[in-house]
Protein chains: 2
Amino acid sequence: MKQQVIAAACTLALGAAGVALAQQKPEDVIKYRQSALFIVGQNFGPLAAMVQGKMPYNRDAAVRHAEIAAYVMKLPWHSFGPGTDQGGNTKAKPGIWENPDDFKSKRDAMLAEIEKLPAAAGNLDSLKAQVGATGKACKACHDEYRAK
Amino acid sequence: MKQQVIAAACTLALGAAGVALAQQKPEDVIKYRQSALFIVGQNFGPLAAMVQGKMPYNRDAAVRHAEIAAYVMKLPWHSFGPGTDQGGNTKAKPGIWENPDDFKSKRDAMLAEIEKLPAAAGNLDSLKAQVGATGKACKACHDEYRAK
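Bear in mind that the values here come from a model prediction, so they are computed numbers and not experimental data.

Here we come to the side chain of B:Ser79. All names here are of chain B. By the secondary structure assignment, Ser79 is in the loop between α3 (59-73) and α4 (95-98). Given the relative accessible area of 0%, Ser79 is considered buried. A polar contact of 3.1 Å, which involves the side chain of Ser79, links it to the side chain of His78. When residues no more than four places from it in sequence are discounted, the contact partners of Ser79 are Val29, Tyr32, Arg33 and Thr84.

On to a positive patch on the surface, then. A cluster of basic side chains, namely A:Lys31, B:Lys91, B:Lys93, B:Arg146 and B:Lys148, defines a positive patch on the protein surface. With relative accessibility at 44%, the residue B:Lys91 sits in the partly exposed group.

Once that is clear, we can look at the state of the cysteines. In a disulfide, the sulfur atoms of two cysteines are covalently bonded to one another. The tally for this structure, following the rule as stated, stands at 0 disulfides over all chains. Of all cysteine sulfurs, the one in A:Cys141 lies closest to A:Cys138, which takes part in no disulfide; the gap is 8.6 Å.

What follows deals with the packing of helix α2 (residues 26-51) of chain A against helix α7 (residues 124-145) of chain A. All names here are of chain A. One way to put it is that α2 packs onto α7 with a least axis distance of 9 Å and a crossing angle of 125 degrees. By the angle between their axes, α2 is oblique relative to α7. Between α2 and α7 the crossing geometry is left-handed. Residues Phe44, Leu47, Ala48, Met50 and Val51 of α2 touch α7, and the partners they reach there are Leu124, Leu127, Lys128, Val131, Thr134 and Gly135. Of the residues in the contact of α2 with α7, the class split is 8 nonpolar, 2 polar and 1 charged.

All names here are of chain B. Within the secondary structure, Gly95 is located in helix α4. Using a relative accessible area of 13% as the deciding quantity, one classes Gly95 as buried. In this structure the C-alpha to C-alpha distance between Gly95 and Arg146, which are 51 residues apart in sequence, comes to 9.2 Å.

All right, on to the packing of α3(B) against helix α5 (residues 100-114) of chain B then. All names here are of chain B. α5 packs onto α3 with a crossing angle of 155 degrees between their chain directions and a minimal axis gap of 9 Å. What the angle tells us is that α3 and α5 run roughly antiparallel. For α3 against α5, the interelement crossing comes out left-handed. Counting all contacts with α3, which are made through Ala69, Ala70 and Met73, the residues of α5 involved are Met110, Leu111 and Ile114. Considering only residue class, the contact of α3 with α5 consists of 6 nonpolar, no polar and no charged.

All names here are of chain A. Per-residue confidence for chain A gives a mean pLDDT of 87; residues scoring 70 or more make up 84%. With pLDDT under 50 throughout, residues 1-17 is counted as low confidence; its partners more than four residues away or in other chains account for 25 contacts. Model confidence for the complex: the whole-complex pTM is 0.86, and ipTM, which rates the interface, is 0.85.

A separate point is the nonpolar core. Counting 76 residues, the largest nonpolar core has A:Val72 and B:Val72 as its most contacted members. Only α2, α3 (59-73), α5 (100-114) and α7 of chain A together with α2 (26-51), α3, α5 and α7 (124-145) of chain B provide two or more residues apiece to this core. When neighbours within four sequence positions are excluded, B:Val72 is seen to be in contact with A:Leu75, B:Ala36, B:Ile39 and B:Val40.

Evaluation of the coordinates by the stated rule reveals 10 aromatic pairs over all chains. When the centroid spacing of 6.0 Å and the interplanar angle of 55 degrees are considered together, the rings of A:Trp77 and A:Phe103 count as tilted. With A:Trp77 in the loop between α3 and α4 (95-98) and A:Phe103 in helix α5, this residue pair connects regions lying 26 residues apart in the sequence. The pair formed by A:Trp77 and A:Phe103 is uniform in burial state, with each residue classed as buried. Cluster of aromatic residues (ring-pair linked, three or more members): B:Trp77, B:Phe80, B:Trp97, B:Phe103 and B:Tyr145.

Right, let's talk about α7(A) for a bit. All names here are of chain A. The end-to-end C-alpha separation of α7 is 31 Å, in line with the 32 Å expected for 22 residues at 1.5 Å each. Taken together, the buried positions of α7 are occupied by Leu127, Gln130, Val131, Thr134, Ala137, Cys138, Cys141 and Tyr145. Take α7 and look down its axis: the buried residues cluster within an arc of 135 degrees, on one side only. Turned more than 90 degrees away from the buried face of α7 sit Asp125, Lys128, Ala129 and Lys136, all of them exposed. Those residues of α7 hidden inside the fold are in contact with α2, α3, α4, α5 and α6 (117-120). The N-terminus of α7 is capped by Asn123, whose side-chain oxygen sits 2.9 Å from the backbone nitrogen of Asp125.

Parameters at a glance
Residues numbered from 1 in each chain as written. Chains lettered and ligands numbered in written order. Predicted model: local features only at pLDDT ≥ 70, side-chain atom pairs only at ≥ 80, totals over all residues. Heavy atoms only, no water. Helix = DSSP H or I, 4+ residues; strand = E, 2+ residues; numbered from the N terminus. Buried < 20%, exposed > 50% of the residue type's maximum accessible area, 1.4 Å probe, protein only. Polar contact = N/O pair within 3.5 Å; in protein donor to acceptor, adjacent residues only side chain to side chain. Contact = heavy atoms within 4.5 Å. Patch = residues over 30% accessible without salt bridge, like charges linked within 9 Å, V, L, I, M, F, W, Y side chains within 5 Å. Areas by Shrake-Rupley, 256 points an atom, 1.4 Å probe, with all protein chains shown as cover. Salt bridge = Lys/Arg side-chain N within 4 Å of Asp/Glu carboxyl O. Lys, Arg positive; Asp, Glu negative; His and termini not counted. Charge placed at Lys NZ, Arg CZ, Asp CG, Glu CD. Disulfide = S-S within 2.5 Å. Axes fitted to C-alpha atoms, helices over the stretch in contact; angles between N-to-C directions. Parallel < 35°, antiparallel > 145°, perpendicular 65-115°, else oblique. Left-handed = near helix turned anticlockwise from the far one by under 90°. Nonpolar A, V, L, I, M, F, W, Y, C, P; charged D, E, K, R; others polar. pLDDT = per-residue confidence, 0-100. Core = buried A, V, L, I, M, F, W, Y, C linked by side-chain atoms within 4.5 Å. Phe/Tyr/Trp six-rings, centres within 6.5 Å; stacked < 30°, edge-to-face > 60°. Expected span 1.5 Å × (residues − 1). Arc of directions from axis to C-beta.

As structure tokens, then:
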């Protein structure tokens, strides 16, 4: 099983900025990706609230949230290897492993958008546009590959 | 409760690089710090394994693990506010809120060590020394403030 996870890490890392955690147990691999995505969500949430007028826009906080979200979003892409499709309380759908090219394509599209967030966060108009584009890219993957 | 969390964030952030997530629920605050510390642990683990000879030393991987650990370690220090001493499956001990100055001092000592990890990871001898110093600083806080 450990060998599978290592192989999966090598296969799925594919240029994303994550690093293979070769000694991770499958349940820790799942927890790793969930932890990273939770942190991203908690930082994206205030950005969405700011652009929706539910929270006052604060430039410094917005930039910092965007930086954290963009950085942490790069981490967990080695964490979707074979052997991690079940376990823990994963919401990952089988399609991730059945259609790896499409999953990777949606991942790359999302990373391309979230990387633009820190620069966009410097003013509310550009933040609004980029939160929209990033949220759309997140949703494209969630709709297809994350169970409700 | 939300106001408490906001106040706590302002009180405990204290120059650390985290950012107050003002709209977080207490259970999400706890999950945020646990997620960050889990990611740090998963990246610190391979470094410890490398210096202990349990895993081959790989310079690029070591530097990347160290960078991730150092970055993510800065995130969750606003997440120990009042109202987050209980809930979820937190192992945080009451001393964190009873002795905030000591907790902050141990946090700062640990951050000072983990920030040196990326540069130290460039060769095995310096990595060994810095993994030791960082692990000691982590342990000082865990011994005092984290339940078994």
